[in-house]
Number of protein chains: 2
Amino acid sequence: MKIEKSLNEDNMNQRLLKIHYAVRGPILERALAIQTDLNEGVLKPFKRVIRANIGDCHALGQRPITFIRQVLALATCPGLRSLQNIPEDVKERVREILGECVSGSVGSYSPAPGLLLIRKHVAQYLTARDGVAANFNNIYLGSGASDLIKSVLTLFVEKVDGKPPGVMIPIPQYPLFSGTLSELGLQQVDYYLDEDDGWVLKYEELERSWRAASEHCSVRAIVVINPGNPTGQVMHEMGDPFKKLQLSSFMTCSKGWAAECGLRAGVLELVSLEPRVISALEAARSTQQCASVLGQCVVDCVMRPPTPGSPSFSLFSSERDRLRRALSERAFAAHTAFNSIPGYFCNPIEGAMFAFPRIEIPGKAKQEAAERGLVPDEFYCLRLLEETGVCVVPGSGFGQRPGSYHFRTTILHDKDEFSYMLACIRRFHLNFIEEYS
Amino acid sequence: MKIEKSLNEDNMNQRLLKIHYAVRGPILERALAIQTDLNEGVLKPFKRVIRANIGDCHALGQRPITFIRQVLALATCPGLRSLQNIPEDVKERVREILGECVSGSVGSYSPAPGLLLIRKHVAQYLTARDGVAANFNNIYLGSGASDLIKSVLTLFVEKVDGKPPGVMIPIPQYPLFSGTLSELGLQQVDYYLDEDDGWVLKYEELERSWRAASEHCSVRAIVVINPGNPTGQVMHEMGDPFKKLQLSSFMTCSKGWAAECGLRAGVLELVSLEPRVISALEAARSTQQCASVLGQCVVDCVMRPPTPGSPSFSLFSSERDRLRRALSERAFAAHTAFNSIPGYFCNPIEGAMFAFPRIEIPGKAKQEAAERGLVPDEFYCLRLLEETGVCVVPGSGFGQRPGSYHFRTTILHDKDEFSYMLACIRRFHLNFIEEYS
């Protein structure tokens, strides 16, 4: 038997070579190397790296919600229920969940779409939130929203009328979308959010984008990110004709007050999809079995948090409200601080944990960036990192209107760290402008 | 803007329509319906459904390993460390793992390939197990092995010398492989394990399979399942030329003594892959972020169990040894019992939790199956379910030599249940033979 050519760059899946995931790209690698240098005593103009590149609340000091963690610990070790300081509603919640697990163990597989009980709770939550009845049969639990998003995008991989399939995504976007489209061989069709109008989605721009793309591909779906990532705006209503479309709606437990991103918990609701499409999606997901049952428990806690009067409510609501207040304060502080820097513009941050300020980059800096083989915002962010230790992600990793430059920063650090970071950025920018003007 | 055709059976990804996942197929659906009937008081010739269709140890009553569950509970709620009955080595393990999590929370993302500390432990485990040095840089943690297997198979999606890519898989196989190959558009190239020689893999058969396939596709990889699933044999040595090939080796925490399948924990080791291939794999996986950090904790416990002298060792080893003994007893009992049924043949079950006996099906039964639009082993398993409540998976879901028929059953039930199940199968088979001869 002849041994075939081994796997190499030329004969491997070429689509994978096109994936760029800026959030964990070369700037983060450089940040990690700098942190290692600092740990080994290398002298730098700063004492530590401030990682503002990834939306990871716990990593930046947000404390987990006690109720969630108690449910997880008890679901894992049911023997702990004899402890005095475990509230009754935690015990009751775990009893319900384990009653749904085969043989009462979170270590047994759930059905591939998730535990039925939890899917029902998700449907109840969505019904209450949206005022539109959700059906638990259309709910799927996944390893984070990313996992579910990839499954749904996979459905669109098919030519229509001889034209290759394409998917419209907002620019700026979260690179999960561009990366997954690359991997699946779906054409990325950009539509621009309107930065000058609070990053709003405009019907005319959708139309323009669709028309331009339709000449070479068949547009099969439109992605809407809400709240915006990296842009932070909130869309309250899509209006007609969107209400009548087939809809795949995703939600994650990685952000917001739960912020359990390490536990990988996400939700998908399918609206108006055909049964045969759904059964094929289910078959494809079945080969991968279920999402982590402990992740599913997180979904249950997020969708059905303690209610007033229950033993856990007071602690839960104080923890949740403190987080919301802090996020809202920092959103306001970031917006104010960025707009006070000459050459910066930042929209209000309505519903996310990121800011995406626009920055003016002088012509001489662009020239130097080009000489170094970098795009201007990458050059800017790299210089910011080298001089201040602040690690943010260049706007080019998310997409931006040609000629405009941005970066994405999380707004998750505690107040002091956040003020320090904003001061670093201001100081750096003023020096940078002076150097290159 | 014209609204494009909505997603339907004709314009959706046609590859997904080809996925069949027998382990959770129509027979399981019927089993669930029968159980619902029984719960509602419908009279049947049996009192309950015995689910032997899926390798889910906890679902069938295997108790979780205390050490693993204590580590998980403490990693989730570090405040529990003040409890008196938590052993010191559990506390120490959790301190180490949380020390590796950003800000000490399992709720923060780990690097996409997994926590570095745990990858190092995996490398140490593999080095000790195989006597060949493993490098932690080549270790990846995933949401079960399935997740990682799919990622690696994705690499091969590319024509070579103008021929479509194919992957050789053993027959019988676990349908994760056939399903994932269908989804990815990789041609499935069958090679048969030799049932008459203990399900061994034969070089000549590999050669035959490769030659036949090479006329229409480029064979890019060979899948070896060890221990065999559904077949249960163990391969101790692959020998040359396999030692020199590029290798992707997978391991799961879903089976064996841990058996935490609901927690989704798996491991991949890459051997001799090119750096550019590895970086593309990493980029593709990064868009999905990391595997559940609690799943990663399970990997750590499995790869680095309590050692002699540590506080948890005695309980751990007694739990593990009891499980191993029980499995080994049932493997022997299943082998003996099946071979004592006229028309049955079953190879020794060396290293798995499944039996895959071959059954003779009379011509008249095949005829009736055909009239009902079923393949013979599906008809057999459906009749078995309807008459005894025993739910097993037809061999056709895994593949089998044309004209031979099998089913896969788990051997995980407790002794009494298992004896009862074997008795049901024997009784059913004798009646079935009588009816159709």
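It should be emphasised that the depicted structure is a prediction, and the values quoted were computed from it without experimental measurement. One numbering rule holds for all chains: residues counted from 1, following each sequence as written. Labels follow written order: the first chain is A, the first ligand is 1, and so on. Local features are withheld for residues below a pLDDT of 70 in this predicted model, meaning they are given only at 70 or higher, and side-chain atom pairs are given and counted only at 80 or more; totals for whole chains, interfaces and linings count all residues. The basis for every side-chain value is the complete set of non-hydrogen atoms in the structure, without hydrogens or water.

Trainee: I'd love a proper account of the packing of aromatic side chains, names of residues and values included.
Mentor: In this analysis, rings of Phe, Tyr and Trp, with Trp reduced to its six-membered ring, are considered paired at centre separations within 6.5 Å, and the interplanar angle assigns stacked below 30 degrees, edge-to-face beyond 60, and tilted for intermediate values. Counting across every chain of the model gives 26 aromatic pairs over all chains. Between A:Phe379 and A:Tyr436, the aromatic rings sit 6.0 Å apart at their centres with planes inclined by 75°, giving edge-to-face as the arrangement. With A:Phe379 in helix α12 (residues 376-388) and A:Tyr436 in helix α13 (residues 415-436), this pair connects stretches of sequence that are 57 residues apart. The aromatic ring of B:Phe136 is capped on one face by B:Lys120, whose charged end is 5.1 Å from the ring centroid. The helix count covers DSSP runs of H or I at least four residues long, the strand count covers runs of E at least two residues long, and both are numbered beginning at the N terminus. We call a charge positioned over a ring when the NZ of a Lys or the CZ of an Arg lies within 6 Å of the ring centre and within 35 degrees of the ring normal.

Trainee: Describe the UniProt feature "domain: Aminotransferase class I/classII large" (unreviewed entry) in chain A, and please don't skip the residues or the numbers.
Mentor: UniProt's entry tags residues 86-235 of chain A with the feature "domain: Aminotransferase class I/classII large" (unreviewed entry), counted in the numbering of this structure. The span residues 86-235 of chain A carries 41% helix and 15% strand; its end-to-end C-alpha distance comes to 39 Å. UniProt positions are given in the numbering used here, feature names are shortened, and annotations may be inferred rather than shown by experiment.

Trainee: Would you mind going over the pattern of salt bridges in detail, with residue names and values included?
Mentor: Any Lys or Arg side-chain nitrogen found within 4 Å of a carboxyl oxygen on Asp or Glu counts as a salt bridge. With the rule as written, the count across this model stands at 46 salt bridges over all chains. B:Glu417 serves as the salt-bridge partner of B:Arg48, at 2.6 Å between the closest nitrogen and oxygen. Of this pair, B:Arg48 sits in the loop between α1 (26-39) and β1 (50-51) while B:Glu417 sits in helix α13 (residues 415-436); the two residues are 369 residues apart in sequence, bridging distant segments of the chain. Residue classification places B:Glu417 among the buried residues on the basis of a relative accessible area of 19%. Across the pair B:Arg383 and B:Glu387 runs a salt bridge, and its minimum N-O distance is 2.5 Å. Placement of both B:Arg383 and B:Glu387 in helix α12 (residues 376-388) is noted, with a separation of four residues, approximately one turn of the helix. We call a residue buried when its accessible area falls under 20% of the maximum for its residue type, exposed when it is over 50%, and partly exposed in between, using a 1.4 Å probe and counting protein chains only. Classification of B:Arg383 by relative accessible area gives buried; the value is 17%. Note on B:Glu387: relative accessible area 28%, which makes it partly exposed. One network of salt bridges, in which partners are shared, links A:Arg93, A:Glu96, A:Asp300 and A:Arg304.

Trainee: Give me the lowdown on the domain arrangement of chain A, citing residues and values where you can.
Mentor: All names here are of chain A. Domain delimitation in this document rests on an assignment produced automatically or drawn from a domain database. Under the domain assignment used here, chain A contains domain 1 (16-44 + 318-436) and domain 2 (88-303). Relative to domain 2, the C-alpha centre of domain 1 lies at a distance of 28 Å. Contact criterion: two residues are considered in contact whenever any of their non-hydrogen atoms come within 4.5 Å of each other. Contacts between the two partners involve 29 residues from domain 1 and, on the opposite side, 25 residues from domain 2. Buried area, as used here, totals the accessible surface that two parts lose on assembly, with accessibility defined by a 1.4 Å probe and the loss added over both. Carbon and sulfur atoms make up 58% of the surface buried where domain 1 meets domain 2, a total of about 2,200 Å² over both sides. Across the pair Arg358 and Glu195 runs a salt bridge whose closest N-O atoms are separated by 3.2 Å. Among the elements of the structure, α10 (313-339) and β9 (354-355) are those that each provide at least two residues to the side of domain 1 that touches domain 2. Partitioning the side of domain 1 that touches domain 2 into residue classes produces 15 nonpolar, seven polar and seven charged. Amino acid classes used here: Ala, Val, Leu, Ile, Met, Phe, Trp, Tyr, Cys and Pro are nonpolar; Asp, Glu, Lys and Arg are charged; the rest, including Gly, are polar.

Trainee: Can you tell me about a positive patch on the surface, naming the residues and giving the values?
Mentor: Note that patches include only residues with greater than 30% relative accessible area and no salt bridge, and the join distances are 9 Å for like charges and 5 Å for nonpolar side chains (Val, Leu, Ile, Met, Phe, Trp, Tyr). Computed by Shrake-Rupley with a 1.4 Å probe, the accessible areas treat only the displayed protein chains as cover when residues are assessed. The charge count includes Lys and Arg as positive and Asp and Glu as negative, but it does not include His or the ends of the chains. The location of each charge is read from NZ of Lys, CZ of Arg, CG of Asp or CD of Glu. Together, A:Arg15, A:Lys18, B:Arg15 and B:Lys18 make up a positively charged patch on the protein surface. Mapped onto the secondary structure, A:Arg15 falls in the segment before α1 (26-39).

Trainee: Lay out the relation of the copies chain B and chain A with the relevant residues and their values.
Mentor: Related by rotation about an axis and a shift along that axis, the two copies of the chain form a pair. Of the transformation superimposing chain B on chain A, the axial component is 0.0 Å and the angular component is 180°, with the fit at an RMSD of 0.0 Å. What the superposition gives is, in effect, a two-fold axis relating one chain to the other. Among all residues of chain B, the minimum C-alpha distance to the rotation axis is found for B:Ala73, at 2.1 Å. Comparing interface residues between copies, 100% of those in chain B also sit at the interface in chain A, which points to an isologous, same-surface contact. For the least-squares superposition of copies, only C-alpha atoms count, and only for residues with pLDDT at least 70 in both.

Trainee: So, the side chain of A:Gln400: which residues are in play, and what are the values?
Mentor: Residues and elements named next belong to chain A. Residue placement: Gln400 occurs in the loop between β12 (393-394) and β13 (407-410). Looking at Gln400, its side chain comes within polar contact range of the side chain of Asp377, at 2.8 Å. Any N or O atom pair separated by 3.5 Å or less is treated as a polar contact, with the protein-specific requirement of one donor-capable and one acceptor-capable atom, and with residues adjacent in sequence counted only for side-chain atom pairs. A distance of 2.9 Å separates polar atoms of two side chains, one belonging to Gln400 and the other to His406.

Trainee: Report on unusual backbone geometry, specifying residues and quantitative values.
Mentor: Cis rather than trans, the peptide bond between A:Asn229 and A:Pro230 has omega equal to 15°. For A:Pro230, the position within the fold is in the loop between β5 (218-222) and β6 (247-252). The amide bond that connects B:Asn226 to the next residue, B:Pro227, takes the cis arrangement and shows omega of -5°. Relative to the assigned elements, B:Pro227 resides in the loop between β5 (218-222) and β6 (247-252). Even without being a glycine, A:Ser272 presents a positive backbone phi close to 70°. In this structure, A:Ser272 sits in the loop between β7 (266-271) and α8 (275-286). The backbone of B:Arg264 shows a phi angle near 55°, a positive value even though the residue is not glycine. Within the element layout of this structure, B:Arg264 appears in the loop between β6 and β7 (266-271). Take B:Arg264: its relative accessible area is 4%, and that puts it in the buried class.

Trainee: Give a description of the interface of chain B and chain A that names residues and reports values.
Mentor: The figure often quoted for interface size is the accessible area lost as the parts come together. Taken together, the contact between chain B and chain A spans 94 residues of the former and 94 residues of the latter. Between chain B and chain A lies a buried interface of about 8,100 Å² when both sides are counted; carbon and sulfur atoms form 59% of it. Summed over the shared surface of chain B and chain A, the result is two salt bridges. Elements that contribute at least two residues to the side of chain B that touches chain A include exactly α2 (66-76), α5 (144-154), α6 (175-184), α7 (203-214), β5, α8 (275-286) and α9 (293-303) of chain B.

Trainee: Summarise the pairing of strand β3 (residues 165-171) of chain B; cite the residues concerned and give the values.
Mentor: All names here are of chain B. Of all the seven residues making up β3, seven are buried; the element is thus mostly covered by neighbouring parts of the structure. Alternating residues of β3 divide into Pro165, Val167, Ile169 and Ile171 and Gly166, Met168 and Pro170, and every residue in both groups is buried. One bridge is not enough; two strands pair if DSSP finds at least two bridges between them. Here four bridges tie β3 to β5, and the two strands are oriented parallel to one another. If you follow Gly166 over to β5, its bridge partner there is Val219. Relative to strand β4 (residues 187-192), β3 runs parallel, the two being bridged by six bridges. The residue of β4 that forms the bridge with Ile169 is Asp190.

Trainee: Describe the sheet that holds strand β4 (residues 187-192) of chain A, and please don't skip the residues or the numbers.
Mentor: Residue and element names in this part refer to chain A. Strand order in the open sheet formed by three strands is β4-β3-β5, and the pairing between neighbours is parallel. One side of each edge strand has no neighbouring strand; the edge strands of this open sheet are β4 and β5. Pairwise comparison of adjacent strand axes, ignoring direction, gives a mean angle of 40° for this sheet. This element, helix α7 (residues 203-214), spans β3 (165-171), β4 and β5 of the sheet and lies at about 150° to β4. Structural elements are reduced to axes, namely lines fitted to C-alpha atoms, with helices fitted over the stretch in contact, and the angle between N-to-C directions of any two is expressed from 0 to 180 degrees.

Trainee: Outline a nonpolar patch on the surface, supporting the account with residue identities and numerical values.
Mentor: Taken together, the side chains of A:Ile222, A:Val224 and A:Met238 make up a nonpolar region of the molecular surface, amounting to roughly 190 Å² of accessible area. Mapped onto the fold, A:Met238 is located in the loop between β5 and β6.

Trainee: Which residues make up the packing of α12(B) against α13(B), and what are the values?
Mentor: All names here are of chain B. Between α12 and α13, whose axes approach to 10 Å, the crossing angle comes to 120°. Taken together, the axes of α12 and α13 are oblique relative to one another. For the pair α12 and α13, the crossing hand works out as right-handed. Together, Phe379, Tyr380, Arg383, Leu384, Glu387 and Thr388 of α12 and Cys424, Ile425, Arg427, Phe428, His429, Phe432, Glu435 and Tyr436 of α13 make up the contact between the two elements. Residues belonging to the contact of α12 with α13 are distributed by class as follows: eight nonpolar, two polar and four charged. We call two directions roughly parallel when the angle between them is under 35 degrees, roughly antiparallel when it is over 145, roughly perpendicular when it lies between 65 and 115, and oblique otherwise. The crossing is said to be left-handed when, going from far helix to near helix, the turn is anticlockwise and less than a right angle, and right-handed when the turn is clockwise.

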